[in-house]
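# Survey of secondary and tertiary structure
This is what each chain is made of:
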Amino acid sequence: IITKIKKGNEPEQELTDLEEDEVADLMKGNSDDKIIVTVKTPGGTQKNITLVKEKITADEGIVKSYVLQGRQKIGYIQLPGFYSREDEDIVAEDKIKYDGCANDMSKEIVKLKKDSIAGLILDLRFNGGGSMWEAIQLAGIFIDMGPVCSVKNKDGKVHFLKDPNRGTIYDGPLLVLVNGSSASASELTGAVLQDYNRALIVGSTTYGKGTAQSVFPMDTLLDITGKKKYDDYSDFVKVTGGKFYRIDGTTTQWKGVVPDIALPDIYQEVESRESNNASALLPDLSKKGIYQPLPLLPVAALQNKSMARVKADSSFAAVIRFNNWIMQKKKSNDIPLQWLPYISQFKNAMHIYHSIDAAEDKFKNNISAANNSFDAEKINLTAEQGRILNQTHLTRIAADKYVYEAYNILQDWFNI
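Rules and cut-offs
- Residues numbered from 1 in each chain as written.
- Predicted model: local features only at pLDDT ≥ 70, side-chain atom pairs only at ≥ 80, totals over all residues.
- Heavy atoms only, no water.
- Helix = DSSP H or I, 4+ residues; strand = E, 2+ residues; numbered from the N terminus.
- Polar contact = N/O pair within 3.5 Å; in protein donor to acceptor, adjacent residues only side chain to side chain.
- Contact = heavy atoms within 4.5 Å.
- Expected span 1.5 Å × (residues − 1).
- Buried < 20%, exposed > 50% of the residue type's maximum accessible area, 1.4 Å probe, protein only.
- Core = buried A, V, L, I, M, F, W, Y, C linked by side-chain atoms within 4.5 Å.

Within the secondary structure layout, Asp260 lies in the loop between β13 (236-245) and β14 (261-262). Side-chain polar atoms of Asp260 contact the side chain of Gln194, separated by 3.1 Å. Contacts of Asp260, omitting those with residues within four sequence positions, involve Gln194, Ala199, Leu200, Ile201, Val299 and Gln303.

Below, the structure written as C-alpha cells:
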C-alpha cells in the first residue's frame, strides 16, 4: 500500500491527504525530480522506493527492423499490425494518405539496405490484421505492378485492387513468417506475395479470415434539425461489408494461407480459427485476375532441408510431441475420478509442458540480433532503462527458434 510520496525537494505528502489527480500530477511532468514513494508491505514493514522519470515511447505497436548476424547479414522486420495513422484512407480531393505501416516499412527497408543485408525476413506471426489499404500498399513494396486481390461486395460485384505504386523498394530474397494467429490483412499480404512467387511463406497455416469489416456507432439518431443527436458514441457494431480474394480467384476464408514450408506450431491443434466460429461465412470462389507471376521458387529443395533440421531439433520435437498429445486428448478427453489414475494423468500432462520449456532452455543458435545502424545510434542516446529493454528484445529475437529456422532457410536459398 502506498502511504507517502515525496517529489524532489518538496515536502513529503501523506496519500490520505491527496486526491487521485493530485497523485498523478506528482508522478508525471517534464522535470528531472526523483520521486520517493513510501509503501507498506503485507508484513507491515515500510520501505522507501526511488523512482526516476523517463519519457514514454509508444512504439510497441509499430514496425521495427533488426539485423540478424551470422554467416551473412539478414534483415528482420516485425510487423504487429496493419495500422494507419489516419481515420480515413481517402481524404479530400481524392488524395490518398500514405502515413501508415507500409510507409514505415519502406523506411525500415531503406535502413536495412544501408547495412548490406543479403535477404529479408518479414514476421507476420500473431498479426491480427487491420487496414486492408495498408496491406495492399505493403504488398506493393515488393512487387512491380499488377492486381493484388479482388473484393466482392454484398451485391456480388467483383472489383480488382491493384498495386498503387509502380516499382519496388526491395527485390532481394524475401521470407514471410506466419502462424495460426496471422489473420485478415496479414493473410492478404502473404497470399499476394505467394501468388506472385515473390516470397517464401514459412510457418503454419494462417487463421482463415477473408472478410472485411467496418465499425459503426449503434445509435445513429438525428435531432429535429437533422444533425447527429450524439457526438460521443459509447456502443459500436462491426459489420461485414465484403469479401476479399486472392488474385487466382481462391479465398483465404476458412482455408487460410498454407505455407510453402511448414514448421511445427504449438497452437496448430488448438481450435481457434475463423472456421470454428458459428457465424463465419462459407468460403467461395471469385474471378481470376490477369497477372504475371515471377519464376517459381525452389520450394521442394528448401522443404527437404528444413524438414531434416526440424527432425533433428529437440525444441521442435517437443512441439510435435505436444501436438500429438493434444490430438489424442481431443479424441478422448476422459478424466479419471479415482485419485491415483488422476495423479498419473496430471503428472503426464505436466511432463509434456515441462519438456517444451526444457527444450526451449537448451535451444542454441549461431546468430545474434542487432539494431540496424541508424537505430543503434538512437539507442545509445536513450536512458539506461530504454537500452535494457532494447537488449532484452534483441536477446528474445535471437533465441526464437522460428526466426533461426527462417534464417537457415534463407541460407539454403542462397546456396541453391
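Along its 14 residues, helix α2 (residues 101-114) runs 20 Å from first to last C-alpha, staying within 8% of the 20 Å computed at 1.5 Å per residue. Every buried residue of α2 is listed here: Cys101, Ala102, Asp104, Met105, Ser106, Glu108, Ile109, Lys111 and Leu112. Considering only its buried residues, α2 is in contact with β5 (64-69), β6 (73-78), β7 (119-123), α3 (132-142) and α8 (373-380). At the C-terminal side of α2, Ser116 shows a positive phi close to 60°.

Take Met132: it is sitting in helix α3. Distance in space between the C-alpha atoms of Met132 and Ser84 is 9.8 Å, their sequence separation being 48 residues. Look past the residues within four positions of Met132 in its chain and what remains in contact with it is Cys149, Val151, Leu161, Leu188, Ala212 and Phe244.

Counting 39 residues, the largest nonpolar core has Leu79, Leu120, Leu122, Leu138, Phe142, Leu174 and Val176 as the members making the most contacts within it. Among the elements that line this core, the one with the most residues is α3, at six residues. Not counting residues within four places of it along the chain, the set of residues in contact with Leu79 comprises Val63, Cys101, Met105, Leu122, Asp123, Leu124, Asn127 and Leu138. Counting 30 residues, the second-largest nonpolar core is a separate cluster that includes Tyr66, Val319, Ala398 and Trp413.

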